[in-house]
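Observations on chain architecture
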Amino acid sequence: MNPTVMLLLIVTAHVIFLWSIMRRWQLLRIGSFVNRFDRIPERISAVLRYAFAQEKMAYYQPAGIAHKLIFVGFMVLLFRTLVLWGRGFDPTWNLLILGPTQPIGKVYEFTKDIVAVLVMIGVGVFFYYRVIKHQKRLTHSAEAILILGIIFTMMVADITYDGAALALAHKFPELCPPGTATSLTDQCRRMAEVVAPHAGVDHTEGIAFFPSPAGATMALALKKLSPAALVVVAKIGFWTHATLPLIFLNLLPHSKHFHVITAIPNVFFKDLGPKGRLEPMGSAEKIMELAMAASEMPEPTKAKIGVAKVEHLSWKAVLDFYTCTECGRCSDNCPAHKTGKILSPKHFTLALRDHMYEHENELVEREMQWGPGMQGAAAEATAEATDAANVDYEHLAAEREGAKFPPKYKDIDLAPEVIHPDVLWACTSCRACEEQCPVLISYVDKIIDMRRNLVMIRGEFPHELQKPFQGMEVNGNPWNLSRMDRSAWSDGLDIPTFAAKPDAQVLYWVGCAASYDDRAKKIARATARLMKAAGVDFAILGQEESCTGDPARRAGNELLFATLAEGNAAVLNTYKEQGGMKQVVTACPHCFNTLKNEYPDFGAQLEVVHHTDFLLGLLAEKKLHPKKPVMGRVVYHDSCYLGRYNDIYESPREILKMIPGVELVEPDYWNKTRGLCCGAGGAQMWMEEQNQNRVNVKRTLQLVDTGAKTVASACPFCMTMLTDGLKSQSLEDQIKQMDVAELLDLSCAVDEKPVVAPAPAPAQAEVAEAVPAE
């Protein structure tokens, strides 16, 4: 069409794009190193599932389908764009295999036309949600409308180009007969250039709808235009499609649509460790040494204990920031955000991203001059300290003012300068945000890392946590109750301790809640009764058991967690070496997650089983026989640390289904992977909420709205929060809150009468929130 213009367009656009990408790469290098280059087959599998198949898009429909259509369109039409760029130099170019007479070319042409129409439908869906029925979760911006407009225009331009070319090809043999003087005219040469890709195709019989149905439809609409007009229309369509991808390409690094480039690598470099595992900082001794060294520094927050400075973030965290699509699915499902807290996972990510973008020049200069990440920050600080007495600050300032150097980055603490501390302390660590994110951005690890710095370096945390910290340190439980009373819950059950029976095959890890909380003790007793009835060879640790440290770790007190973990690991390994403890069973999902996923970092390799999985196994082996009916409608609440952290959704439900008389129901939308948190995780159990709209009440109302007579759970923390939720609505006498093990125990107890749950309340002041809009 015009080789010079095409070459100029392609080269210029790619040079600008490469400059932008290099800037983003240099900014990425500010982050500290983490190894995400292992287990390549698993990473490729993740890319296929989440980047190409886009599994998590299914949560929001029809937006998910629309996004998949556009994604497929990009992949299919990428080849079309390459063809058009080639035709700028050679009008007959068809990428060697996509010619109109070639079998692959015919299949591709047909597929391309169908996909182009589907892409326009997908764009229409997003336009509807952004302009006509705007969704609150979405960031409203002109940029999003511009991008949708570019995509839609590309599709129309491509179809228009094909349509004009087909209409012209139908007329060309008659207007410009080969070998005649007419065929040598300028008009015929221009027409020949447009129809050149269709060489070898017989158009004398009319416009065919195969292999180009959309192009043929457009050709019929344009066939009455003059040849000169068709040439103009074809060229407009050609240059529009050829140019828009280059414009789009250069918008990507500077917009939320950067995820078009970064989503695949972000999924590829995902953390392949257990979802419930936080990255350890080392032994308690090492953490203490780091904290002491930091305390002796002029600015303690410069030490990498958690995250305080921008260079403390990992390069993968920066890639997360680049990849955020601003879709708001994370915040739309966040229990803190849904109840009016200051935390919004989306805006948490965007605040950190925008801070880096705002200071890109200064940060990139530091990276170029001193090196990446912590290395660069440390080298810069050392150089400044060494040369402080010899620096001509006035001259340096004048040079920088004259734009010879960009201004130096002001080294600030991310909390509170960028992220308000209340944002961090509102998080329940439920992972609803991470479950919903279609591009696998992580949030909880960043929040906990920032808490670590606040707690261990600055000593800044909600005052309510002081007592739990002290209790875990002194008595091994967050209520600071006597260790001597830890096994009092088992009085009368004749349960041995491992000290008395070190060869017991199963350890029943009771946990702090079931050891000390009067209501949760009933869970422990029910579980123990069932295990005894099934003939399980088990024992407990009694006074040798301490808190796993989960509340301390999630609250950012990594030193306390490491101390507790090392102590517990030593006890567990001692008995394991004596030939016992083949399995560890616990009814607390927080203990389960910590023992299973985090204690291996402290040398305790255990087979850890949640009590619902264990009890279901006993039922399958016919060692338990639920016979007595437990009459009534039951709704099950998913614990975050059992479900989203460890993918245990079905075992509790299967147990409930096996109990005679139980009618299992589910809340609309808010169940299984989308189940709302009870509000206790992330050490929230011991903190006051930031406003009066409580998470546990919202969750309780969602469950009550099912009309259930019993709310079942499989976590002592959830039990406490849901029981309080029922009390807040004065429903505690009308709706029961019971653990799955308690319900099974009632059904298996031969000497018990059938249990009839009370009828639900006649009317509710509030009902659960409706399913979110798509």
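On a predicted model such as this, the values are computed, not experimentally measured, just so you know. The written sequence of each chain sets the order in which its residues are numbered from 1. Only residues with pLDDT of at least 70 are given local features in this predicted model, and only at 80 or more are side-chain atom pairs given and counted; all residues enter the totals for whole chains, interfaces and linings. For the side-chain quantities, the full set of heavy atoms in the structure was used; hydrogens and water were omitted.

**Focus on the overall build of the protein chain**
Looking only at helices and strands, one finds 32 helices and 9 strands in the protein chain. Overall, the protein chain is about 110 × 80 × 50 Å in size when its C-alpha atoms are taken along their principal axes. Relative accessibility decides the category of a residue: with a 1.4 Å probe and only protein chains considered, values under 20% of the type maximum give buried, values over 50% give exposed, and everything between is partly exposed. Classification of the 774 residues of the protein chain by burial places 55% in the buried group. Residue pairs in contact within the protein chain that sit at least 24 positions apart in sequence constitute 81% of those at least 6 positions apart. Looking at the protein chain as shown, the accessible area adds up to about 32,300 Å², and 60% of this sits on carbon and sulfur atoms. Under the DSSP-based scheme used, a helix requires at least four consecutive residues in state H or I and a strand at least two consecutive residues in state E, with every element numbered from the N terminus. We call two residues in contact whenever any of their non-hydrogen atoms come within 4.5 Å of each other. Using the Shrake-Rupley algorithm and a 1.4 Å probe, accessible areas are obtained, with residue cover drawn only from the displayed protein chains.

**Comments concerning a nonpolar patch on the surface**
The patches reported here contain residues having more than 30% relative accessible area and no salt bridge. Joining distances are 9 Å for like charges and 5 Å for nonpolar side chains (Val, Leu, Ile, Met, Phe, Trp, Tyr). The rule for a salt bridge is simple: a side-chain nitrogen of Lys or Arg has to be within 4 Å of a carboxyl oxygen of Asp or Glu. A cluster of nonpolar side chains, Ile40, Ile44, Leu48, Phe52, Val72, Met75 and Ile264, forms an exposed patch at the surface whose accessible area comes to about 550 Å². Elements supplying a minimum of two residues to the nonpolar patch: helix 2 (40-52) and helix 3 (63-87). The element that contributes the greatest number of residues to the nonpolar patch is helix 2, accounting for 4 residues. In this structure, Val72 sits in helix 3. Taking relative accessible area as the criterion, Val72 reaches 35% and is therefore assigned partly exposed.

**Considering the state of the cysteines**
Throughout, disulfides are identified as pairs of cysteine sulfur atoms within 2.5 Å of each other. Per the stated rule, a full pass over the model turns up 1 disulfide. The disulfide partner of Cys176 is Cys188, and the S-S distance across this bridge is 1.9 Å. Measuring the twist about the S-S bond at about -90 degrees, one finds the Cys176-Cys188 disulfide to be left-handed. Within this pair, whereas Cys176 is found in the loop between helix 5 (142-175) and helix 6 (186-195), its partner Cys188 is found in helix 6, the two being separated by 12 residues in sequence. Given a relative accessible area of 2%, Cys176 falls into the buried group. The exposure class assigned to Cys188 is buried, which follows from its relative accessible area of 4%. Cys430 takes part in no disulfide bond, and the closest cysteine sulfur, belonging to Cys640, lies 4.8 Å away. Assessed through its relative accessible area of 6%, Cys430 is described here as buried.

**Notes on the packing of aromatic side chains**
For this analysis, a ring pair means two rings from Phe, Tyr or Trp (six-membered ring only for Trp) whose centres lie within 6.5 Å, classed as stacked if their planes differ by under 30 degrees, edge-to-face if by over 60, and tilted for the remaining angles. What the rule picks out here adds up to 21 aromatic pairs. Residues Tyr641 and Tyr645 carry aromatic rings whose centres are separated by 4.0 Å and whose planes lie at 5 degrees to one another, so their mutual orientation is stacked. The lysine or arginine in question, Arg431, covers the ring of Tyr645, its NZ or CZ lying 5.7 Å from the ring centre. Placement of a charge over a ring requires the Lys NZ or Arg CZ to be within 6 Å of the ring centre, with the centre-to-atom vector within 35 degrees of the ring normal.

**Focus: the sheet that holds strand 1 (residues 506-509)**
The parallel open sheet is built from 4 strands, whose spatial order is 2-1-3-4. Since the sheet does not close on itself, it has two edges, and those belong to strand 2 (538-539) and strand 4 (608-610), each with one partner. Sheet topology note: the strand 1/strand 3 (residues 583-586) ladder contains 4 bridges and is parallel. If you follow Val506 over to strand 3, its bridge partner there is Gln583. In this description, strands pair whenever DSSP reports at least two bridges between them.

**Focus: the nonpolar core**
Formed by 140 residues in total, the largest nonpolar core has its most connected members in Trp489, Tyr508, Leu572, Leu624, Leu656 and Leu744. When residues in this core are grouped by element, the largest group, 9 residues, is from helix 26 (residues 558-577). Contacts of Leu624, omitting those with residues within four sequence positions, involve Leu530, Ala533, Ala534, Leu615, Leu618, Leu619, Leu744 and Cys748. The next biggest cluster of nonpolar side chains, apart from the first, holds 30 residues, and it includes Ala116, Tyr129, Leu138 and Met154. For our purposes a nonpolar core is just a set of buried Ala, Val, Leu, Ile, Met, Phe, Trp, Tyr and Cys residues, chained together by side-chain atoms within 4.5 Å.

**Notes on the environment of Phe461**
Tracing the sequence through the fold places Phe461 in the loop between helix 21 (444-456) and helix 22 (466-475). Residue classification places Phe461 among the partly exposed positions, given a relative accessible area of 23%. Contact partners of Phe461, with chain neighbours within four places excluded, come to Trp425, Val455, Gln466 and Phe469.

**Concerning the pattern of salt bridges**
All told, the structure shown has 47 salt bridges when counted by the stated rule. A network of salt bridges, in which partner residues are shared, links Asp449, Arg452, Asp550, Arg553, Arg554, Glu558 and Glu598.

**Side note on helix 30 (residues 695-704)**
Counting buried positions along helix 30 yields 10 of 10 residues, so the element is predominantly enclosed. Here helix 30 has its buried residues at Val695, Asn696, Val697, Lys698, Arg699, Thr700, Leu701, Gln702, Leu703 and Val704. Those residues of helix 30 hidden inside the fold are in contact with helix 13 (335-338), strand 5 (630-636), strand 7 (710-713) and helix 31 (716-728).

**Quick word on the packing of helix 30 against helix 31**
Note on geometry: axes are C-alpha line fits, over the in-contact stretch for helices, and angles between N-to-C directions span 0 to 180 degrees. Packing of helix 30 against helix 31 brings their axes to within 8 Å, and their N-to-C directions diverge by 80 degrees. Taken together, helix 30 and helix 31 sit at an angle that is classed as roughly perpendicular. Across the interface between the two elements, Asn696, Val697, Arg699, Thr700, Leu703 and Val704 from helix 30 touch Met721, Leu722, Asp724, Gly725, Leu726 and Ser728 from helix 31. The nonpolar class holds Ala, Val, Leu, Ile, Met, Phe, Trp, Tyr, Cys and Pro. Asp, Glu, Lys and Arg form the charged class, and all remaining residues, Gly among them, are polar. Residues belonging to the contact of helix 30 with helix 31 are distributed by class as follows: 6 nonpolar, 4 polar and 2 charged. Working rule for angles: under 35 degrees goes down as roughly parallel, over 145 as roughly antiparallel, 65 to 115 as roughly perpendicular, anything else as oblique.

**What to know about unusual backbone geometry**
Pro211 follows Phe210 through a cis peptide bond whose omega is 15 degrees. The residue Pro211 is located in the loop between helix 6 and helix 7 (213-222) in this model. For the peptide bond that leads from Ala415 to Pro416, omega is 15 degrees, which places it in the cis range. With respect to the element layout, Pro416 can be found in helix 18 (residues 414-417). Phi is positive for Arg39, close to 50 degrees, though the residue is something other than glycine. When you line up the elements, Arg39 lands in the loop between helix 1 (3-28) and helix 2. Of the residues examined, Arg39 reaches a relative accessible area of 38% and is grouped as partly exposed.

**Side note on the environment of Asp485**
Within the element layout of this structure, Asp485 appears in the loop between helix 22 and strand 1. Sequence separation between Asp485 and Gln543 is 58 residues, and the spatial gap between their C-alpha atoms is 7.8 Å. Leave out the neighbours within four places in its chain, and Asp485 touches Ser515 and Tyr516.

**So, the pairing of strand 8 (residues 736-739)**
As judged from the 4 bridges shared by strand 7 and strand 8, these two strands associate in the parallel manner. Counterpart to Ala712 in the pairing with strand 8 is Met738. The parallel pair strand 7 and strand 8 is bridged by helix 31, and the resulting crossover is right-handed. With strands facing away from the observer, any crossover in which the path from the first strand over the helix to the second runs clockwise is taken as right-handed.

**Here we look at the pairing of strand 5**
Across the 7 residues that make up strand 5, a large majority, 5, are buried. Pairing geometry for strand 5 and strand 6 (residues 662-665), over 4 bridges, is parallel. Paired with Gly632 across the bridge in strand 6 is Val662. Once you follow strand 5 into helix 29 (residues 650-657) and on to strand 6, the crossover reads as right-handed.

**Side note on the packing of helix 2 against helix 9 (residues 259-268)**
It is at 8 Å that the axes of helix 2 and helix 9 come closest, and there the two elements cross at 135 degrees. Considered as vectors, helix 2 and helix 9 are oriented oblique to each other. The crossing of helix 2 and helix 9 is right-handed. Where helix 2 approaches helix 9, its residues Ile40, Arg43, Ile44, Ala46, Val47, Tyr50, Ala51 and Phe52 are matched on the opposing element by Ile264, Val267 and Phe268. Take the far helix as the reference: if the near one is turned anticlockwise from it by less than a right angle, the crossing is left-handed, and if turned clockwise, right-handed.

**Things to note about the side chain of Arg80**
In this fold, Arg80 is placed in helix 3. Here a polar contact is taken to be a pair of N or O atoms separated by no more than 3.5 Å, where protein atoms must pair a possible hydrogen donor with a possible acceptor and residues adjacent in sequence count only if both atoms sit in side chains. Separated by 2.4 Å, the side chains of Arg80 and Asp162 make a polar contact. If we skip the residues at most four places from it in the chain, Arg80 touches Arg87, Tyr108, Glu109, Lys112, Asp158, Tyr161, Asp162 and His241.

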